[in-house]
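Geometric and topological summary
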Amino acid sequence: MEKKYSKQQFEGFTHRFIVKMKIDEDWRNDINVTIYSNSDSYLRLENFINEKKSDKVVSFIIEHRASKEQDEISSKFLDEFLSNGGF
C-alpha cells in the first residue's frame, strides 16, 4: 500500500501527527501542522517532510502521534465527561 500524507483527514488514514516547524529562532513564529497518514512510522514522516518542506523551515519536530482509534476513544471520553457536567 502506498503511504499517504495529508493535512486533511482522508479515507483510510490510521494516524494523526502534530509537527512543530521552526521558521526562525523566535519560538513565537513556530507553526504547528497536523498531518494525517496511513503509516505510523516517524522515519517515513521525517523523510516526507524533508523532501517537501520549503527553505523557510529551519527545523521541525514530531511532537505527537495518535492512532485513529486513540483519537476516537479520547473524543468519546470527553463527550461523556462534558455531557455529565464536567468537573
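Report follows, based on the coordinates. (Residues numbered from 1 in each chain as written. Predicted model: local features only at pLDDT ≥ 70, side-chain atom pairs only at ≥ 80, totals over all residues. Heavy atoms only, no water.)

1. Description of the sheet that holds strand 1 (residues 5-6)
Spatially, the four strands line up as an open sheet ordered 1-3-2-4, and their pairing is antiparallel. The open sheet is flanked by strand 1 and strand 4 (59-67), the only strands paired with a single partner. The pairing of strand 2 (residues 15-22) with strand 3 (residues 31-37) spans seven bridges and is antiparallel. Paired with Met-21 across the bridge in strand 3 is Ile-31. (Pairing = 2+ DSSP bridges. Helix = DSSP H or I, 4+ residues; strand = E, 2+ residues; numbered from the N terminus.)

2. Side note on helix 2 (residues 68-83)
Since the α-helix advances by 3.6 residues per turn, residues separated by three or four positions end up pointing in the same direction. The end-to-end C-alpha distance of helix 2 is 23 Å, a good match for the 22 Å that 16 residues give at a rise of 1.5 Å each. A positive phi of about 95 degrees marks Gly-85, the residue just after helix 2. (Expected span 1.5 Å × (residues − 1).)

3. Topic: the packing of aromatic side chains
Here the structure, examined in full by the defined rule, presents five aromatic pairs. Judged by centre distance (5.1 Å) and plane angle (80 degrees), the rings of Phe-13 and Tyr-36 are edge-to-face. Separated by 23 residues along the polypeptide, Phe-13 in the loop between strand 1 and strand 2 and Tyr-36 in strand 3 bring together distant segments of the chain. Residue classification places Tyr-36 among the buried positions, given a relative accessible area of 12%. Between Phe-77 and Phe-81, the aromatic rings sit 6.0 Å apart at their centres with planes inclined by 15 degrees, giving stacked as the arrangement. Of the two residues, Phe-77 and Phe-81 both sit in helix 2, four residues apart, roughly one turn of that helix. For Phe-81, a relative accessible area of 27% translates into the label partly exposed. The ring of Phe-10 carries the charged tip of Lys-4 above its face, separated from the ring centre by 4.4 Å. (Phe/Tyr/Trp six-rings, centres within 6.5 Å; stacked < 30°, edge-to-face > 60°. Buried < 20%, exposed > 50% of the residue type's maximum accessible area, 1.4 Å probe, protein only. Lys NZ or Arg CZ within 6 Å of the ring centre and 35° of its normal.)

4. What about the pattern of salt bridges?
Here the structure, examined in full by the defined rule, presents four salt bridges. A salt bridge links Arg-28 to Asp-26; the shortest N-O distance between them is 3.0 Å. A relative accessible area of 61% places Arg-28 in the exposed class. (Salt bridge = Lys/Arg side-chain N within 4 Å of Asp/Glu carboxyl O.)

5. Quick look at the environment of Glu-2
By secondary structure assignment, the location of Glu-2 is in the segment before strand 1. Since its relative accessible area comes to 70%, Glu-2 is described here as exposed. For the pair Glu-2 and Asn-38, spaced 36 residues apart in the sequence, the C-alpha separation amounts to 8.6 Å.

6. Digging into the pairing of strand 3
Bridging between strand 1 and strand 3 involves two bridges; their strand directions are antiparallel. Residue pairing for strand 3: Ser-6 is matched across the bridge by Tyr-36.

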